[in-house]
Amino acid sequence: MQLRYAFRLYPTAGQRQALARAFGCARVVFNDGLRIRQEARAAGLPYVSDGELSKRVITQAKKTPERSWLGEVSAVILQQSLADLNAAYRNFFASLSGGRKGAKVAPPRFRSRKDDRQAIRFTRNAKFKITASGRLRLPKIGDLSVRWSRSLPSEPSSVTVIKDRAGRYFASFVVELADEPLPETTTKVGIDLGLKHFAILSDGRKITNPRFLRRAEKRLKRAQRALSRKQKGSRNREKARLRLARAHVRVADARREFHHQLSTRLIRENQAVAVENLAVKGLARTRLAKSVHDAGWAQFVAMLEYKAARHGRAFIRIGRFVPTSQVCSACGLGDGPKPLHVRRWTCPRCGAVHDRDVNAAINVAKAAGLAVTACGAQVRPGSVPAQRGEAGTHPKQPTPRWKQAGSPV
């Protein structure tokens, strides 16, 4: 398995200028290649091959006065920039022909120096090196200071230097890892993801939703208002933009750390994990959009999936149309859809009293083929009520005393 290990970089002023030059050259090569292919298509000419594009955009361009400065950076990052363009085109063509699953992929677009993320990639051909003193040596840039939070498990095959929107620099190493199976356990869990509670487990545990974005809204609003008051193009506006960006990345970093800790704990504790395949894009178009994005379900599920594959655990997704919240987990009766304000309900057949979310988590596990046992806190037998004429309706309310016949007014 290939994984990425990211570490914070602290370049000097001169190294920041060299990195800015490298970012700019990689961006220009990408845009030149995209422009050549667009012009060829508009003129009705054949598709420009990868080799021909590399010759025209890099080799021949370096010999012209307009692009001679491309020789000031490592040739590897220019080749990797063109490789990204070629990969973008392949994905676009595969999406058009139906060979690529998922949502349709748009054609490549031009890159801007104002993009939130600037990146360059060095492969082994570039001969980057980690020195004995722990610095990252990059060709034509220098030895960069790295904050090592852990050691690399193997020799990296490539490193990507990233500058994010908050002005921070990172080195992302691609390393090859062998599987590390964890000791087998008998516990299995189904997970129902939500908004009030981030995750509800089939064993009855509920993980509180931290709501990182909601908690930081006041600080973000103040930073946004301060930015809007600054004159465009001024240095004070750039400072305000950086303050706002740093506030946003703090929220994203806290959310990512929460997802990592929770996913690691669940994978270590359970032999099999089942989750529901949620329609996040559809939910993000509703009035709950901000809360859905704040939860970050897709990132969390992706972490569960790759950690399960690495540690020898089973990971199962069930279909999004399985009625997990409408079926009694004790007897299997489908009681129909229920409004969101109904948090507890009683099965009309067996009399089991269900917590809505825990019942859904149990049904997720059962739909995935996991044998789970419901504890007393999840399903409680009670008196069997009379069958209602319409499933999911509220019981009839008693007549108020002032409406009863003969009552004094």
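Structure first, text after, so check above.
Residues numbered from 1 in each chain as written. Predicted model: local features only at pLDDT ≥ 70, side-chain atom pairs only at ≥ 80, totals over all residues. Heavy atoms only, no water.

Just checking my understanding: could you explain the overall build of the protein chain for this structure?
Across its full length, the protein chain holds 10 helices and 15 strands. Since a compact globule built from 409 residues should have a radius of gyration of about 22 Å, the 28 Å found for the protein chain marks it as more spread out than a globular shape. Dimensions of the protein chain, computed from the C-alpha atoms along their principal axes, are close to 100 × 55 × 50 Å. Taking as baseline every contact in the protein chain between residues at least 6 positions apart, the subset at least 24 positions apart corresponds to 67%. Roughly 23,700 Å² of accessible area belongs to the protein chain as shown, and the carbon and sulfur atoms make up 51% of that amount. (Helix = DSSP H or I, 4+ residues; strand = E, 2+ residues; numbered from the N terminus. Rg over C-alpha atoms; globule rule 2.2 N^0.38 Å. Contact = heavy atoms within 4.5 Å. Areas by Shrake-Rupley, 256 points an atom, 1.4 Å probe, with all protein chains shown as cover.)

What is the right way to look at the environment of Asp 143 in this model?
Along the polypeptide, Asp 143 turns up in strand S5 (residues 142-147). Classification of Asp 143 by relative accessible area gives partly exposed; the value is 26%. For Asp 143, the residues in contact, after removing those within four places along its chain, are Gln 15, Thr 131, Arg 135, Leu 136 and Arg 137. Here Arg 137 takes part through its side chain, which lies 2.8 Å from a polar atom of the side chain of Asp 143. (Buried < 20%, exposed > 50% of the residue type's maximum accessible area, 1.4 Å probe, protein only. Polar contact = N/O pair within 3.5 Å; in protein donor to acceptor, adjacent residues only side chain to side chain.)

Can you walk me through the sheet that holds strand S6 (residues 158-163) in this structure?
Where strands meet in a sheet, backbone hydrogen bonds hold them as pairs that are either parallel or antiparallel. Read from one edge to the other, the open sheet built from 7 strands follows the order S2-S6-S7-S1-S5-S4-S3, with strand pairing classed as antiparallel. Pairing within the sheet leaves two strands with one partner each, and these edge strands are strand S2 (118-123) and strand S3 (129-130). In this structure, S6 lies alongside strand S7 (residues 169-176), joined through 6 bridges in antiparallel fashion. Of the residues in S7, the one forming a bridge with Lys 163 is Tyr 169. Each of S2, S5, S6 and S7 touches helix H1 (residues 13-42); the most contacted strand, S2, lies at about 90° to it. (Pairing = 2+ DSSP bridges. Axes fitted to C-alpha atoms, helices over the stretch in contact; angles between N-to-C directions.)

Where do I start with the pairing of strand S9 (residues 197-201) in this structure?
Successive side chains on a regular strand alternate, one facing one side of the sheet and the next facing the other. Along S9, 5 of the 5 residues are buried, which leaves the element largely enclosed by surrounding structure. Two strands pair when backbone bridges link them, and strand S8 (residues 188-193) and S9 are joined in this way by 3 bridges, in the antiparallel orientation. By the bridge assignment for S9, Asp 192 is matched with Ile 200. As consecutive antiparallel partners, S8 and S9 are separated by 3 residues. Counting the residues in the hairpin turn of S9 and strand S10 (residues 206-208) gives 4 residues, including Gly 204, whose phi is positive at 100°.

What's the story with the sheet that holds S10 in this structure? I'm lost.
Overall, mixed pairing links the 5 strands, which are arranged S10-S9-S8-S11-S12 in an open sheet. Whereas interior strands pair on both sides, the edge strands pair on one side only; in this sheet they are S10 and strand S12 (314-318). Each adjacent strand pair in this sheet contributes to an overall mean axis angle of 20°, direction not counted. Relative to the sheet, helix H9 (residues 297-310) contacts S8, S9, strand S11 (272-276) and S12, its axis offset from that of S12 by approximately 140°. This element, helix H10 (residues 356-367), spans S8, S9, S10, S11 and S12 of the sheet and lies at about 125° to S8.

Before we go on, may I ask you to explain the pattern of salt bridges in this structure?
Taken as a whole and judged by the stated rule, the model has 22 salt bridges. Here Asp 32 ties to Arg 67 by a salt bridge, and the two come within 2.9 Å at their closest N and O atoms. Separated by 35 residues along the polypeptide, Asp 32 in helix H1 and Arg 67 in the loop between helix H2 (50-59) and helix H3 (75-97) bring together distant segments of the chain. Note on Arg 67: relative accessible area 24%, which makes it partly exposed. Note that Asp 143 and Arg 137 form a salt bridge whose closest N and O atoms lie 2.8 Å from each other. For Arg 137, a relative accessible area of 37% corresponds to the partly exposed category. Through salt bridges with shared partners, a single ionic network connects Asp 164, Arg 168, Asp 253 and Arg 256. (Salt bridge = Lys/Arg side-chain N within 4 Å of Asp/Glu carboxyl O.)

In this structure, what is going on with the nonpolar core? I would like to understand it.
By size, the foremost hydrophobic cluster in this structure holds 45 residues, and its most contacted members are Ile 120, Phe 122, Leu 136, Leu 138 and Phe 173. For this core, the element with the highest residue contribution is H1, accounting for 11 residues. Excluding residues within four positions of it along the chain, Phe 173 makes contact with Leu 3, Arg 4, Tyr 5, Phe 7, Phe 128, Ile 130, Leu 136, Trp 148, Leu 152, Pro 156, Ser 158 and Val 159. Membership of the second largest hydrophobic core comes to 33 residues, among which are Leu 195, Ile 207, Leu 213 and Phe 300. (Core = buried A, V, L, I, M, F, W, Y, C linked by side-chain atoms within 4.5 Å.)

Sorry if this is basic, but what is going on with the pairing of S7 here?
For S7, a buried count of 6 out of 8 residues is recorded, marking the element as mostly surrounded by other parts of the structure. Of the pairings in the sheet, the one linking strand S1 (residues 2-10) to S7 comprises 8 bridges and is antiparallel in character. Note on S7: the bridge partner recorded for Arg 4 is Val 174. Linkage of S6 to S7, two consecutive antiparallel strands, is achieved through a turn of 5 residues, within which Gly 167 is found at a positive phi near 80°.

The values reported here are purely geometric and, on their own, carry no functional implication.
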